[in-house]
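Understanding the architecture of this molecule
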Amino acid sequence: MKPLTREAIAARLAQDIDDGWHVNLGIGMPEQVANFLPEGRDILLHSENGILGMGPTPPEGEEDESLVNAGKKPITMLSGASIFDHAMSFGIIRGGHLELCCLGGYQVAQNGDLANWSRDNDDPIASVGGAMDLAVGAQRIWVIMQHNSKDGAARLLETCDMPLTGMGCVKRVYTDLAVIDVTKDGFLVTEMIDGMTAEELQARTGAKLRFADGCGTMPDLTKAA
Amino acid sequence: MKPLTREAIAARLAQDIDDGWHVNLGIGMPEQVANFLPEGRDILLHSENGILGMGPTPPEGEEDESLVNAGKKPITMLSGASIFDHAMSFGIIRGGHLELCCLGGYQVAQNGDLANWSRDNDDPIASVGGAMDLAVGAQRIWVIMQHNSKDGAARLLETCDMPLTGMGCVKRVYTDLAVIDVTKDGFLVTEMIDGMTAEELQARTGAKLRFADGCGTMPDLTKAA
Amino acid sequence: MLDRRCETIEVALDGIQDGASIMVSGFGDAGRPNYLLKGMIDKGVKDLHVISNNAGNGFTGLAMLFRLGMISKLTCSFPRGDLGAEITRWVREGSLTVEVNPQGTMAERIRAAGCGIPAFYTPTAYGTKLAEGKETREFNGVGYVLETALHADYALVHADKADRWGNLTYKNLSRNFSPLMAMAADVSIIEADEIVELGALEPNTIVTPGVCVNRLIQCRPVAENEWGVAA
Amino acid sequence: MLDRRCETIEVALDGIQDGASIMVSGFGDAGRPNYLLKGMIDKGVKDLHVISNNAGNGFTGLAMLFRLGMISKLTCSFPRGDLGAEITRWVREGSLTVEVNPQGTMAERIRAAGCGIPAFYTPTAYGTKLAEGKETREFNGVGYVLETALHADYALVHADKADRWGNLTYKNLSRNFSPLMAMAADVSIIEADEIVELGALEPNTIVTPGVCVNRLIQCRPVAENEWGVAA
């Protein structure tokens, strides 16, 4: 049994993005998703700083200071891209126009609460950026994160103890071990990596898991078929 | 003693518009002001439907359906005109960015209250358009109107009895008889037409008038000098 | 492939039912979605709640929907014009309800709906009849009125140019309420004078990003005599 | 003649005093008004309340105003970056106050200030630490936070093209907060990469109408070594 790499989690998530969706990819692990978007689908990437239709990283030497993403990294524009100001950008977010936002997470609770912006309740300059707007605004929030923290602590919990980003907003979680829907009855596992048992996954999780009928294998799509 | 024509009131008001002001001219009598803007001043006309820098009426046959003012009449654009949507247009109004708005009036009270949108408290489809936004938003509201109604009733009053457009918003009134500032102490006459006496003006006014030191003659600028 | 284009006007207007709330772009004739409005007449839905700055004029466009008795409620800022006398009569007869908003309040309410703002305070109408029954509040000693977001089931919007992703530009003062309404309805339906190739619109000059748009159709002019019998 | 152009940067920045509140456009390096920021350093004002999404990076631009101790309060959404450790220290020492807003809330608060909206409700941050002490309210069963308009005495804004009336366009993602800030300050001061003839900007593509602008100056690049001694 081998947990998925960060790339493999991103690749798995990318498969579930429908043709025609407008998607915001949060800073960090979610950014990886852009590298695995399925061919043949029009997937329009949004960035908080005012663009829909972000293209890939430009070749070295062709960066334009006026073309950066929310992580301040250089980007390009696709044909059909549009530019707008910050009020419009967050109007698009808050108004529910984005089909999907993928965010990183520190903790997800079984009611969909998300903590992803500050590990420390007493941080004097806790920095939220646009995460709270995305959490309440996008039509669905999928979280992409490691199933456990480096010290082994569970991150899927009955209740978050870190500061919340948003209440009840998470619809699905993709981890290195499983794909888990957040339902009104709590966590529902729909896929696990090869060799993982329900008991073991439960042992690494801080809230009760249910398992979907026909719970499948979570593939590593970064490996040659 | 001859009351000024509507054109002459508009011409008198136009003299007081400073170089560089952004001005909204309400529908009706205020529209006339556009015909008397002093030469050599950049005065930018705003229309609620989303333009700054309106130019004069186009020659017949050159009208463009996409170039109309708030009164739905054909306009042109000056060099330097800008176009924006309705939220921005009223953001400019409500945000206090226009130096001046000229409105027509049914009644003005000595505290600056304005009634200009409905003569009838029971009108089931009283139609306000953008007047209430302009009344509260522009840096100054100047009202242009006949001093008395057709039946001779006073329109400068202690209190309006018609439905209000805005509270305490009027700064100055230009009528066919006088120019009157609205001050914290009520109406202050600064100009009267040639031959008008203080007593007579007071008799035609429904609130106490004060007269400025050096109250001048209100000229008819539509007559050859 | 993301393609907002509809083959026919029937497809563009699919699903609109009696009782729907419908935003209609335009200020006077500028920016009126006349092709879509003609489609609404042909569709024959009724009991509509129309949200539009004006009620229209003459025997074309929006005015015809009123004359045909398709509209039971109007939210607007200026219900006068040609149709003023009729509207007054319909209101007195009880066949039409009219809600008058100050124009800027109406624009901001529509923007709020599109941008996820449920309510805001505005100085407009404070102390007037149009604020009667509304919640008010002072900030820094000035009075304000609480206004709520104005949503709709559908928006019918006229644009100048569009691409298949739904990116839009508008021509001059045809812009008016269009970008706000495109965002504020569950389903926004756009008629465009010209549908261009993806990439033909300069990204910095797009006014409405396609994410706000649901359906797109090539506009064609509606001739005077297509609107039906004049009274 | 309406002419927003200033002859010198001293004239453009005239009147800014210690204790002023200053909006600074830009997201990362895109849209930072570096020429105006350099002018602020030369001017040597202090005790500033800066409103900016980020705190800046390195030893240039906004970051230098922090390093020189010119700023006593920062309203932002993301005070991390290069300067994060220093900012944490300054806050602990008490020489700097930081107010963190969710980014969309900050943008909307600035827009509200420019558009005469004193306050609005937003779903963002409801039930989180950033809503503590703020008024909340339910609409249709959903919780919202009341947020107020965010004004400033001055806005320092970078634009791409400008004309003498102050009409502005922006380049790509340099737009970000610029149009909002230009409207929200008592005095907005714009540096533009290019000042063009009146009429050269197409009316439909102007993003900020000149009515929102007070002063305009031709921008020039600030070289690395002009920012003063690196630590």
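To be clear, the structure that these remarks concern was listed above.
Residues numbered from 1 in each chain as written. Chains lettered and ligands numbered in written order. Predicted model: local features only at pLDDT ≥ 70, side-chain atom pairs only at ≥ 80, totals over all residues. Heavy atoms only, no water.

**A look at the overall build of chain A**
Rule in force here: Counting from the N terminus, the helices are DSSP H or I runs at least four residues long and the strands are E runs at least two residues long. For every residue, the accessible area (1.4 Å probe, protein chains only) is compared with the maximum for its type, and the residue is labelled buried under 20%, exposed over 50%, or partly exposed between those bounds. Any pair of residues with heavy atoms lying within 4.5 Å of one another is described as a contacting pair. Residue-level accessible areas treat just the shown protein chains as cover; the underlying method is Shrake-Rupley with a 1.4 Å probe.
Scanning chain A from N- to C-terminus turns up four helices and 13 strands. Counting only C-alpha atoms, chain A reaches 50 × 45 × 30 Å along its principal axes. Here chain A holds 225 residues, and the buried ones make up 58% of them. At a minimum sequence separation of 6, the contacts of chain A that also span at least 24 residues come to 64%. About 8800 Å² of surface is accessible on chain A, with carbon and sulfur atoms providing 46% of the total.

**A word on the interface of chain D and chain B**
Interfaces are often sized by the accessible area lost when the parts come together. Keep this limit in mind: Accessible area, probed at 1.4 Å, shrinks when two parts are joined; the buried area is that loss added up over both. In the sections that follow, a salt bridge refers to a side-chain nitrogen of Lys or Arg positioned within 4 Å of a carboxyl oxygen of Asp or Glu.
Listed by partner, the interface residues are 23 residues for chain D and 23 residues for chain B. Carbon and sulfur atoms make up 62% of the area that chain D and chain B hide from each other, which totals about 1800 Å². Area buried by chain D at its contact with chain B is led by Trp165, Pro203 and Val211 of chain D, which between them contribute 33% of it. For the pair chain D and chain B, the number of links is one salt bridge. Asp42 of chain B is the partner of Arg164 of chain D in a salt bridge, and the nearest nitrogen-oxygen pair spans 2.9 Å.

**Some points on the environment of Asp42 of chain B**
The criterion, for reference: Under the rule applied, a polar contact is a pair of N or O atoms within 3.5 Å (in protein, one hydrogen donor and one hydrogen acceptor; residues adjacent in sequence only if both atoms are side-chain atoms).
Structurally, Asp42 of chain B can be placed in the loop between β1 (22–25) and β2 (44–47). You can call Asp42 of chain B buried: its relative accessible area is 16%. Separated by 55 residues in the primary sequence, Asp42 of chain B and His97 of chain B have C-alpha atoms spaced 16 Å apart. With residues up to four places along the chain from it excluded, the contact list for Asp42 of chain B reads Asp19, Gly20 and Trp21 of chain B together with Met1, Leu2, Arg164 and Trp165 of chain D. Separated by 3.3 Å, the side chains of Asp42 of chain B and Trp165 of chain D make a polar contact.

**Observations concerning the sheet that holds strand β9 (residues 156–157) of chain B**
Residues and elements named next belong to chain B. Convention followed: In this analysis, strands are considered paired if DSSP registers two or more bridges between them.
One open sheet holds the three strands; their spatial order is β7-β6-β9, and the pairing between them is mixed. The open sheet is flanked by β7 (114–115) and β9, the only strands paired with a single partner. In this sheet, β9 lies alongside strand β6 (residues 107–109) in parallel orientation, the contact comprising two bridges. Counterpart to Val108 in the pairing with β9 is Leu156.

**So, the pattern of salt bridges**
A full pass over the atoms with the stated rule returns 43 salt bridges over all chains. Glu108 of chain C is the salt-bridge partner of Arg111 of chain D, the closest N and O atoms lying 2.8 Å from each other. You can see Arg111 of chain D sitting in helix α5 (residues 103–114) and its partner Glu108 of chain C sitting in helix α5 (residues 103–115), one on each of two chains. Judged by its relative accessible area of 4%, Glu108 of chain C is buried. Each of the salt bridges in this network shares a partner with another, and the network as a whole consists of Arg12, Asp16, Arg172, Asp181 and Glu191 of chain A.

**Side note on the interface of chain C and chain B**
At the junction of the two partners, chain C supplies 42 residues and chain B supplies 40 residues. Both faces considered, chain C and chain B share a buried interface measuring about 3200 Å² in area, 64% of it formed by carbon and sulfur atoms. Together, Phe27, Lys129 and Leu173 of chain C form the three largest contributors to the area buried by chain C at its contact with chain B, with a combined 22%. Remark: the boundary between chain C and chain B carries two salt bridges. Here Asp123 of chain B and Arg80 of chain C are joined by a salt bridge, their closest N and O atoms 2.3 Å apart.

**A few points about the sheet that holds strand β4 (residues 76–83) of chain B**
Strand pairing within a sheet occurs via backbone hydrogen bonds; the two strands may be parallel or antiparallel. Residues and elements named next belong to chain B. Keep this limit in mind: Note on geometry: axes are C-alpha line fits, over the in-contact stretch for helices, and angles between N-to-C directions span 0 to 180 degrees.
Strand order in the open sheet formed by 10 strands is β4-β3-β2-β1-β5-β8-β10-β11-β12-β13, and the pairing between neighbours is mixed. Two strands in the sheet have a free side with no partner beyond their single neighbour: β4 and β13 (209–218). Each strand of the sheet is rotated relative to its neighbour by a mean of 25°, with strand direction disregarded. Where β1 meets strand β5 (residues 100–104), three bridges bridge the pair, whose relative direction is parallel. Looking across to β5, one finds that Leu25 is bridged to Cys102.

**A few points about the nonpolar core**
Note the cut-off: The set of buried Ala, Val, Leu, Ile, Met, Phe, Trp, Tyr and Cys residues whose side-chain atoms join them within 4.5 Å is what this entry labels a nonpolar core.
If you look at the biggest cluster of nonpolar residues, it comprises 192 residues, and the most contacted ones within it are Ile110 of chain C together with Ile110 of chain D. Of the residues forming this core, the biggest block, six residues, is contributed by α5 of chain C. Excluding anything up to four places from it in sequence, Ile110 of chain D contacts Met23, Ile51, Leu150, Phe177, Leu180, Met181 and Ala184 of chain D. One finds Ala126 of chain B together with Tyr35, Met64 and Leu83 of chain C within the second-largest nonpolar core, a separate group that totals 48 residues.

**Concerning the side chain of His49 of chain C**
All names here are of chain C. Relative to the elements of secondary structure, His49 occurs in strand β2 (residues 48–51). Relative accessible area serves as the criterion here: at 18%, His49 is assigned to the buried category. A polar atom in the side chain of His49 sits 2.8 Å from the side chain of Thr75. The contacts of His49, once residues within four sequence positions are left out, are Ala20, Ser21, Ile22, Lys73, Leu74 and Thr75.

**So, the packing of aromatic side chains**
Selection rule: Stacked, tilted and edge-to-face are the three classes applied to pairs of Phe, Tyr and Trp rings, where Trp contributes its six-membered ring and a pair requires centres within 6.5 Å; stacked means planes under 30 degrees apart, edge-to-face means over 60, and tilted covers the rest.
Throughout the structure, instances matching the rule amount to 11 aromatic pairs over all chains. Taking the centre distance of 5.9 Å and the plane angle of 55° together, the rings of Trp21 of chain B and Trp142 of chain B count as tilted. Pair noted here: Trp21 of chain B is in the loop between α1 (6–14) and β1 and Trp142 of chain B is in strand β8 (residues 141–144), with a separation of 121 residues, a long-range link. Classification of Trp142 of chain B by relative accessible area gives buried; the value is 4%. Ring geometry for Tyr121 of chain C against Phe139 of chain C: centres 5.1 Å apart, planes inclined by 70°, an arrangement best described as edge-to-face.

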